[in-house]
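# Analysis of the macromolecular model
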Amino acid sequence: MNLIKKVKIQSIDLGVPLIRDDMAEFLRTQIKEHKPQHILEIGTGIGYSAIVMASAMNETGFDYELITVEKNEERAKHAAGNFCGYSHKYDIKLVVGDAKDFLKSAIEKKWVFDFIFLDGPKAQYVNYLEDIVTLMSSGGILVADNIYCKANPKLAEKLKKFVEAAKAHKDLKDVRIENIADGVLIATKK
Ligand SMILES: C[S@@+](CC[C@H](N)C(=O)[O-])C[C@H]1O[C@@H](n2cnc3c(N)ncnc32)[C@H](O)[C@@H]1O
């Protein structure tokens, strides 16, 4: 069984949320189109979406580095196990910690990403937006999952604020919502 299938099954068995199949396909298409060199993911789970993105990059033949951030230590341990057996194949670096701290420290280090996939704590998306935009290169792409958050009306309200803030952001353009999975926001930095 290939690693993507293995990690998908493991996520389901462990009850760890993971991107849906149409979202995985959307991410693969975006990655292959933009061929980003520096990819950031917020919310690793046990590594399924990171491996989906890394394998799409491998298919392009271009060099890349993917950093993925996970706060839950147990999940991070599983993710590390999933990544390390394949380190020769996938250039994925796992950061264990709070995304908020990671974003601040990446800004201090003046890191820049040309593709950011936001799949962490939904209530924080709106609070992360300014730091995320700061970390994006000009022409960089932001993809955020679960924009409708149909299962949780309270969170859905917070996500509406995130979408409004992204649409109004002076440094973002082409902000749109794709009606796939649980709603996906995609935006480009000017
Ligand atoms: C939807 S899951 C990620 C699924 C993963 N992207 C995938 O499709 O395989 C969201 C993850 O964000 C993590 N998370 C929640 N709050 C966080 C925070 N403040 N910083 C970093 N990760 C966080 C959760 O522990 C959870 O594993």
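Below: a short report on this structure.

Cut-offs and rules
Residues numbered from 1 in each chain as written. Predicted model: local features only at pLDDT ≥ 70, side-chain atom pairs only at ≥ 80, totals over all residues. Helix = DSSP H or I, 4+ residues; strand = E, 2+ residues; numbered from the N terminus. Buried ≥ 20, exposed ≤ 12 C-beta atoms within 10 Å, placed from the backbone. Axes fitted to C-alpha atoms, helices over the stretch in contact; angles between N-to-C directions. Parallel < 35°, antiparallel > 145°, perpendicular 65-115°, else oblique. Left-handed = near helix turned anticlockwise from the far one by under 90°. Contact = placed C-beta atoms within 7 Å. Pairing = 2+ DSSP bridges. Right-handed = clockwise from strand over helix to strand, strands pointing away. Expected span 1.5 Å × (residues − 1). Arc of directions from axis to C-beta. Near = placed C-beta within 6 Å. Nonpolar A, V, L, I, M, F, W, Y, C, P; charged D, E, K, R; others polar. Core = buried A, V, L, I, M, F, W, Y, C linked by C-beta atoms within 7 Å.

Peptide bonds are trans in most cases, and residues, glycine excluded, mostly fall at negative phi. With a phi close to 60°, Lys-110 is a non-glycine residue in the positive phi region. Looking at the element boundaries, Lys-110 is found in the loop between helix 5 (99-108) and strand 4 (113-118). A residue is classified by how many C-beta atoms lie within 10 Å of it, and Lys-110, with 8 of them, is exposed.

At their nearest, the axes of helix 1 (residues 3-14) and helix 3 (residues 48-60) sit 9 Å apart, and the two run at 165° to each other. Considered as vectors, helix 1 and helix 3 are oriented roughly antiparallel to each other. Both helix 1 and helix 3 take part in a crossing whose hand is left-handed. Residues Leu-3, Ile-4, Val-7, Lys-8 and Ser-11 of helix 1 lie in contact with helix 3, whose contacting residues are Tyr-48, Ile-51, Val-52 and Ser-55.

What follows deals with the pairing of strand 4. Burial analysis of strand 4 places five of its six residues in the buried class, which makes it a mostly covered element. Here four bridges tie strand 1 (residues 38-42) to strand 4, and the two strands are oriented parallel to one another. When the bridges of strand 4 are listed, Leu-40 appears paired with Ile-116. Chirality of the crossover, the property in question, places the unit of strand 4, helix 6 (residues 125-135) and strand 5 (residues 136-144) among those that are right-handed.

The next thing to look at is helix 7 (residues 153-168). With 16 residues, helix 7 extends 23 Å from end C-alpha to end C-alpha; this agrees with the ideal 22 Å at 1.5 Å per step. Along helix 7, the residues classified as buried are Leu-159, Phe-162, Val-163 and Ala-166. Looking down the long axis of helix 7, one finds its buried residues gathered within 100° of arc, a one-sided arrangement. Opposite the buried face of helix 7, by more than 90 degrees, sit the exposed residues Pro-153, Lys-154, Glu-157, Glu-164 and Ala-168. Contacts made by the buried residues of helix 7 are with helix 6, strand 6 (172-178) and strand 7 (184-189).

Time to look at the sheet that holds strand 1. Read across the sheet, seven strands follow the order 3-2-1-4-5-7-6 without closing on themselves; strand pairing throughout is mixed. Looking at the sheet topology across the chains shown, the edges are occupied by strand 3 (92-96) and strand 6. Going across the sheet, the axis of each strand differs from the next one's by a mean of 15°, ignoring polarity. The pairing of strand 4 with strand 5 spans five bridges and is parallel. Bridge assignment links Phe-117 to a residue of strand 5, and that residue is Val-143.

Moving on: the site of the ligand. Surveying the vicinity of the ligand reveals 19 residues, the closest of which are Gly-43, Gly-45, Tyr-48, Ser-49 and Ala-99. Among the elements of the structure, helix 3 and strand 2 (65-70) are those that each provide at least two residues to the shell around the ligand. By residue class, the composition of the shell around the ligand is seven nonpolar, seven polar and five charged.

Let's shift gears to the nonpolar core. Grouped together as the largest cluster of nonpolar side chains are 60 residues, with contacts concentrated most on Met-53, Ile-116, Leu-118, Ile-132 and Leu-142. Counting residues per element, this core draws most heavily on helix 3, at eight residues. Not counting residues within four places of it along the chain, the set of residues in contact with Leu-142 comprises Ile-116, Leu-118, Ile-132, Met-136, Ile-186 and Ala-187.

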